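# Inside the fold
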Amino acid sequence: MSWADRYIGLPFAEGGRGPAAFDCWGLVAAVLRVECSIEVEPFADIKTYDSPAVAARVAAEIARTDWLLVDRAGAQAFDVAIMLVTRRLMGRDTARTLSHIGIVVAPNRLLHIERETRSVCVRFSSPSVAWRLHSFYRHRSFGA
């Protein structure tokens, strides 16, 4: 049994910080806290539908020295994946923001949750995430 099995199938909840339901950051933060004893910013005041605000907070968090950029090919368990989200603007216009996050379970496998789904574990090549994967970061406590 993988550690990730405990998190698969959990429902989405806006602002969810567990243990029964999560949003994407809540799920990542819970995994890091429970599985790795790493505490990260809870971001409890931000809503997932506010993509620009989420993107700004994600950028600020990864700019801190707590996170090291890692190559996708070298991503390992407990690295976080920053992903693109397409949001609708006025009319037919759309914008992409870096405002979704997941956590690597094993090489080429990602655990994440979105409003439309329960938490799932998918391959990096899955159509639901392949085009969205942008960058991977490792918490400094794991080293480079």
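These notes cover the structure that comes with them. (Residues numbered from 1 in each chain as written. Predicted model: local features only at pLDDT ≥ 70, side-chain atom pairs only at ≥ 80, totals over all residues. Heavy atoms only, no water.)

## Things to note about the packing of aromatic side chains
The full count for this structure, using the stated rule, is four aromatic pairs. Both rings, one in tryptophan 3 and one in phenylalanine 78, keep their centres 4.6 Å apart while their planes meet at 25°; by these two values the pair is stacked. Placement of tryptophan 3 in the segment before helix H1 (24-36) and of phenylalanine 78 in the loop between strand E1 (67-70) and strand E2 (80-88) is noted, with a sequence separation of 75 residues between them. For the pair tryptophan 3 and phenylalanine 78, one class covers both residues: buried. Each member of the aromatic cluster is reached from another via a ring pair, and the members are Trp3, Tyr7, Phe78 and Phe142. (Phe/Tyr/Trp six-rings, centres within 6.5 Å; stacked < 30°, edge-to-face > 60°. Helix = DSSP H or I, 4+ residues; strand = E, 2+ residues; numbered from the N terminus. Buried < 20%, exposed > 50% of the residue type's maximum accessible area, 1.4 Å probe, protein only.)

## Examining the side chain of aspartate 79
Within the secondary structure layout, aspartate 79 lies in the loop between E1 and E2. Given a relative accessible area of 0%, aspartate 79 falls into the buried group. Of the polar contacts made by the side chain of aspartate 79, one reaches the side chain of arginine 138; its length is 2.8 Å. When residues no more than four places from it in sequence are discounted, the contact partners of aspartate 79 are Val70, Gly74, Gly102, Ile103, Val104, Tyr137 and Arg138. (Polar contact = N/O pair within 3.5 Å; in protein donor to acceptor, adjacent residues only side chain to side chain. Contact = heavy atoms within 4.5 Å.)

## Considering the nonpolar core
By size, the foremost hydrophobic cluster in this structure holds 31 residues, and its most contacted members are Trp3, Val31, Leu32, Val80, Ile103 and Leu111. The element that contributes the greatest number of residues to this core is H1, accounting for nine residues. The contact partners of leucine 32, leaving out residues within four places of it in the chain, are Ser37, Ile38, Val40, Trp67, Phe78, Val80 and Ile103. Counting residues in hydrophobic clusters, the runner-up holds eleven residues, among them Val70, Ala75, Val122 and Leu133. (Core = buried A, V, L, I, M, F, W, Y, C linked by side-chain atoms within 4.5 Å.)

## A look at the pattern of salt bridges
Going through the model one piece at a time under the given rule, you end up with six salt bridges. Measuring nitrogen to oxygen at the nearest pair gives 3.0 Å for the salt bridge that ties aspartate 66 to arginine 140. Taken together, the residues aspartate 66 in the loop between helix H2 (51-63) and E1 and arginine 140 in the segment after strand E6 (133-139) connect sequence positions 74 residues apart. For arginine 132, the salt bridge goes to glutamate 114, with nearest N and O atoms at 3.0 Å. One end of the pair, arginine 132, is in the loop between strand E5 (120-123) and E6; the other, glutamate 114, is in the loop between strand E4 (109-112) and E5, with 18 residues separating them in the sequence. (Salt bridge = Lys/Arg side-chain N within 4 Å of Asp/Glu carboxyl O.)

## Some points on the environment of methionine 83
Turning to its location among the elements, methionine 83 is positioned in strand E2. With relative accessibility at 0%, the residue methionine 83 sits in the buried group. For the pair methionine 83 and arginine 96, spaced 13 residues apart in sequence, the C-alpha to C-alpha distance is 9.7 Å. Apart from residues no more than four positions distant in its own chain, methionine 83 is found in contact with Thr97, Leu98, Ser99, His100, Ile101, Gly102, Leu110, His112, Val129, Arg132, Leu133 and His134.

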